[in-house]
Amino acid sequence: MRNVAVIGSQWGDEGKGKIVDWLSSRADVVVRFQGGHNAGHTLVIDGVEYKLSLMPSGIVRPGKMSLIGNGVVVDPFAFFREMEILQEKGVEIMPDNLRIAENANLILPVHQAVDKALEAARGKGLIGTTGRGIGPTYEDKVARRGIRLCDLAYPEYLREKLERLMIHHNALLKGLGADVFTIEDLYDGLMGIADRLLPFKGVVWKILDGAISDKKKILFEGAQGTMLDVDHGTYPYVTSSNTVAAQAATGSGIGAGSVGYVLGITKAYTTRVGAGPFPTEQDNPTGELLGQRGREFGTVTGRKRRCGWFDAVQVRQASAISGIGGFALTKLDILDAFDEIRICVAYELNGKQIDYLPSSPVEQAALTPVYETLPGWTSETSGMRSWDAFPQNAVRYIRRIEELTGVRVALVSTSPERDDTILIEDPFGE
Ligand code: GDP
Ligand code: IMO
Ligand code: MG
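Residues numbered from 1 in each chain as written. Chains lettered and ligands numbered in written order. Predicted model: local features only at pLDDT ≥ 70, side-chain atom pairs only at ≥ 80, totals over all residues. Heavy atoms only, no water.

Student: Now, about the packing of aromatic side chains: what can you tell me, with residues and values included?
Tutor: Evaluation of the coordinates by the stated rule reveals six aromatic pairs. Relative to F80, the ring of F79 lies with its centre 5.1 Å away and its plane at 70°, an arrangement referred to as edge-to-face. Summarising the burial analysis for this pair, F79 and F80 share the class buried. Residues W309 and F338 carry aromatic rings whose centres are separated by 5.8 Å and whose planes lie at 70° to one another, so their mutual orientation is edge-to-face. Here F338 lies in the loop between β15 (326–330) and β16 (340–349) and W309 lies in the loop between β13 (306–308) and β14 (310–311), a separation of 29 residues in the sequence. The same class applies to W309 and to F338, which are both buried. (Phe/Tyr/Trp six-rings, centres within 6.5 Å; stacked < 30°, edge-to-face > 60°. Buried < 20%, exposed > 50% of the residue type's maximum accessible area, 1.4 Å probe, protein only. Helix = DSSP H or I, 4+ residues; strand = E, 2+ residues; numbered from the N terminus.)

Student: Summarise the site of ligand 1; cite the residues concerned and give the values.
Tutor: With respect to spatial proximity, 19 residues lie near ligand 1, and among them G15, K16, G40, D333 and S413 are the closest. At 2.8 Å from an oxygen atom of ligand 1 is found a main-chain nitrogen or oxygen belonging to G15. The separation between an oxygen atom of ligand 1 and a polar main-chain atom of T42 is 2.9 Å. Summarising the interface, the protein chains cover 92% of the accessible area of ligand 1, which totals 580 Å² for the free molecule. Secondary structure elements with two or more residues in the shell around ligand 1: α1 (16–23) and β3 (41–45). Ranked by residues supplied to the shell around ligand 1, first place goes to α1 with three residues. Grouping the constituent residues of the shell around ligand 1 by class yields two nonpolar, ten polar and seven charged. The residues that make up the shell around ligand 1 include at least three from each of domain 1 (4–101 + 202–258) and domain 3 (266–423). (Near = heavy atom within 4 Å. Polar contact = N/O pair within 3.5 Å; in protein donor to acceptor, adjacent residues only side chain to side chain. Areas by Shrake-Rupley, 256 points an atom, 1.4 Å probe, with all protein chains shown as cover. Nonpolar A, V, L, I, M, F, W, Y, C, P; charged D, E, K, R; others polar. Domains from an automatic or database assignment.)

Student: Which residues make up unusual backbone geometry, and what are the values?
Tutor: Note the cis peptide between Y235 and P236, where omega equals 5°. The topology assignment puts P236 in the loop between β10 (218–221) and α8 (247–250). Its identity is not glycine, yet Q224 carries a phi of approximately 60°, on the positive side. For Q224, the location among the structural elements is in the loop between β10 and α8. Classification of Q224 by relative accessible area gives buried; the value is 8%. In this structure, T378 takes a positive phi of about 35° despite not being glycine.

Student: Could you give an account of the domain arrangement of the chain, naming the residues involved and the relevant values?
Tutor: Taken as a whole, the chain is organised into domain 1 (4–101 + 202–258), domain 2 (105–197) and domain 3 (266–423). Opposite the 24 residues of domain 1 that make contact, domain 2 presents 21 residues. Roughly 1,800 Å² is buried in total at the junction of domain 1 and domain 2, and carbon and sulfur atoms are behind 67% of that figure. Of all residues in domain 1, V73, F77 and F80 bury the most surface against domain 2, accounting for 31% of the area lost on that side. Connecting domain 1 to domain 2 are one salt bridge. (Contact = heavy atoms within 4.5 Å. Buried area = accessible area lost by both parts, 1.4 Å probe. Salt bridge = Lys/Arg side-chain N within 4 Å of Asp/Glu carboxyl O.)

Student: Break down the pattern of salt bridges for me, with residues and values.
Tutor: The tally for this structure, following the rule as stated, stands at 24 salt bridges. As a salt-bridge pair, R305 and D13 come within 3.0 Å of each other at their nearest N and O atoms. Remark: D13 occurs in the loop between β1 (4–8) and α1 and R305 occurs in the loop between α9 (285–293) and β13; sequence separation between them is 292 residues. In this structure, E403 engages R400 in a salt bridge whose closest nitrogen and oxygen atoms are separated by 2.6 Å. Taken as a pair, E403 and R400 lie in helix α12 (residues 392–405) at a separation of three residues, close to a single helical turn. It is possible to trace a salt-bridge network through shared partners that takes in D13, K267, E296, R305 and K331.

Student: Kindly report on the coordination of the magnesium ion (ligand 3), identifying the contributing residues and their values.
Tutor: All of the protein donors around the magnesium ion (ligand 3) are D13 (OD) and G40 (O); their distances to the metal are 2.0 to 2.2 Å. With D13 in the loop between β1 and α1 and G40 in the loop between β2 (29–32) and β3, this pair connects stretches of sequence that are 27 residues apart. On the accessibility criterion, D13 (21% relative accessible area) is partly exposed. On the accessibility criterion, G40 (13% relative accessible area) is buried. (Donors = N, O, S within 2.8 Å, 3.2 Å for Na, K, Ca; no water.)

Student: Report on helix α3 (residues 109–122), specifying residues and quantitative values.
Tutor: In a regular helix each residue adds 1.5 Å, so 14 residues correspond to 20 Å; α3 covers 20 Å between its end C-alpha atoms and thus fits that length. Where α3 is concerned, the buried positions are V110, H111, Q112, V114, D115, A117 and E119. Each element contacted by the buried residues of α3 is listed here: β8 (105–106), α4 (134–142), α5 (155–175) and α6 (183–197). (Expected span 1.5 Å × (residues − 1).)

Student: Can you tell me about the environment of T42, naming the residues and giving the values?
Tutor: Assignment of secondary structure puts T42 in strand β3. Once the C-alpha coordinates of T42 and D21 are considered, the two residues, 21 residues apart in sequence, prove to be 9.6 Å apart. The residues contacting T42, other than those within four sequence positions of it, are G17, K18, E49, Y50, K51 and T299.

Student: A description of the site of ligand 2 should follow, citing residues and the corresponding values.
Tutor: Around ligand 2 lies a shell of 20 residues, among which D13, K16, H41, T130 and T239 are the nearest. Taking K16, its side chain carries an N or O atom lying 2.7 Å from an oxygen atom of ligand 2. Note that an oxygen atom of ligand 2 is positioned 2.7 Å from one of the side-chain N or O atoms of H41. Relative to its free-state accessible area of 560 Å², ligand 2 is covered by the protein chains to the extent of 97%. Among the residues making up the shell around ligand 2, the classes are represented as seven nonpolar, ten polar and three charged.

Encoded structure:
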């Protein structure tokens, strides 16, 4: 038995939420360890859709402990909005089954204003952030001026911290020509929710330490994807956190050895939201068809996702960086309509073939993908629950992905529905 970390192996939206929900039937604890409500994880359970942004995807299952780790940036107002929507759908959310790390940093309304003002000022260099204040909040954390959940219990201390924080942010907002914030507005806003929020405060590292001692199964739920990692992704077109599997330890407060098996959620093609390099992008009818069949619109911002072919070079790199032990291959059914399917097997840069994604944005923009073409299966895999009945060419496509990346496919997902999932190799090792 081992713990499992679920992470995205591409640019996000690989189907992490669906797989975490499916796996959580056998986990005791589900923990988010980075990102915030920039994430959008959609679950479909018996035809009912649940959209989660900040809540761990285990929240929909009664009897599971959900944790929001110190590595997550928490917008307390968005937290309650999401909680109310879920409660209306009958999901129980109480301090008994959900805790937020006392040392998690809070996203304040000013962070969202700064996020938006900075994006507006970037002009052509726009990143296309979700506008949720993620970047500015992580900046404050690293600069040691962040407001943390534990600060809400000490109003005088909180006010002093806000005063120091706003010297920085109001100067920035003024410089960007945006409206400034008063300390009173921020303070009153936080004090207005403190009594409701503080009961959810927990010592997450200690809860996890106890869970490990009690031999409970922990599922770590990543947000975004490896190519959006602030170190290893397509910087600067990335999010502001580490999204790789190693962050599961740092962002929740456990030892690196307790992370266990790393399951890389991998879409059978590629998508990306926002700006930045995307070597296999198909800005043509092929991309349109992928987007239309795959309903590729962002959960958080409603933006159209850019679509392209599977990039084995990129996924191999993500697998190495995150130590991916197996893939959950999702959305294979979207390829059911294609006569031919392409896979990127190398890149060409200045006339030479290379087998990795270089770090320079100048080089990334100059890459030409080298493709291999495989025959499609042009029959329906959608909703299939048995591996034996799979069309031969679909199996061939999966095997080729395994060969090119050196990683085995452990799960195959064939529709948004929870149970349309085929288990090949058990991530928990049971
Ligand atoms: P996440 O951010 O990684 O959790 O992924 P999103 O939820 O943002 O995007 C994945 C979308 O694809 C969601 O709408 C899922 O319901 C859907 N989905 C997940 N797996 C499959 C699959 O195997 N087939 C199809 N057709 N849709 C899927
Ligand atoms: P899930 O968990 C896809 C992208 C944004 C933007 C960049 C930076 O659903 O896979 P940010 O607001 O984080 O500063 O934006 O990162 N981005 C995502 N793209 N899926 C996500 O999450 C994303 N979260 C952020 O579009 O390009
Ligand atoms: Mg998503």
